[in-house]
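Structural description and commentary
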Amino acid sequence: MKTTKYFQATRARPDRARIKDEWICHVIEHPEREFIQADGRIRRWASITEMDDRYLRVVLLADGETIHNAFFDRSFKP
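Residues numbered from 1 in each chain as written. Predicted model: local features only at pLDDT ≥ 70, side-chain atom pairs only at ≥ 80, totals over all residues. Heavy atoms only, no water.

**Quick look at the pattern of salt bridges**
Convention followed: One speaks of a salt bridge when a side-chain nitrogen belonging to Lys or Arg is within 4 Å of a carboxyl oxygen belonging to Asp or Glu. When a residue's accessible area, from a 1.4 Å probe over protein chains only, is under 20% of the maximum for its type it is buried; when over 50% it is exposed; and in between it is partly exposed.
By the definition in use, this model includes 8 salt bridges. Asp15 is the partner of Arg13 in a salt bridge, and the nearest nitrogen-oxygen pair spans 2.9 Å. Given the relative accessible area of 36%, Asp15 is considered partly exposed. Connected through shared salt-bridge partners, Lys2, Asp63 and Glu65 make up one network.

Following this line, the structure appears as structure tokens:
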């Protein structure tokens, strides 16, 4: 998994440390929704069954493979 330094730094936070790599891969490979930002970054969302179907947002750089951010998105509406 390619990641940014920002992602590595935020991953140390207690609320982000519990996000499993397999969940991030699931969102990247099987997004339920995708949005491309004006700066080219790609947002992808998918529900995570093990977390009571909460939606995990993964933000990728424009290359489509480098992970910049991952968090449970409380404001996402499917």
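**Quick word on the packing of aromatic side chains**
Rules: Any pair of Phe, Tyr and Trp rings, taking the six-membered ring for Trp, is counted once the centres come within 6.5 Å. Such a pair is stacked with planes under 30 degrees apart, edge-to-face with planes over 60 apart, and tilted for the rest. By definition, any uninterrupted DSSP run of H or I lasting at least four residues is a helix, any uninterrupted run of E lasting at least two residues is a strand, and each is numbered from the N terminus.
In the structure shown here, the tally under the stated rule is 3 aromatic pairs. Seen from their ring centres, Trp23 and Phe72 are 6.2 Å apart, and the 70 degrees between their planes marks the pair as edge-to-face. Here Phe72 lies in strand E5 (residues 66–72) and Trp23 lies in helix H3 (residues 21–29), a separation of 49 residues in the sequence. We classify Trp23 as buried; its relative accessible area is 6%. Measuring from centroid to centroid gives 4.7 Å for Tyr55 and Phe76, while their planes differ by 45 degrees, and the two rings are tilted.

Everything listed here is a matter of coordinates, which is why it stays silent on function.
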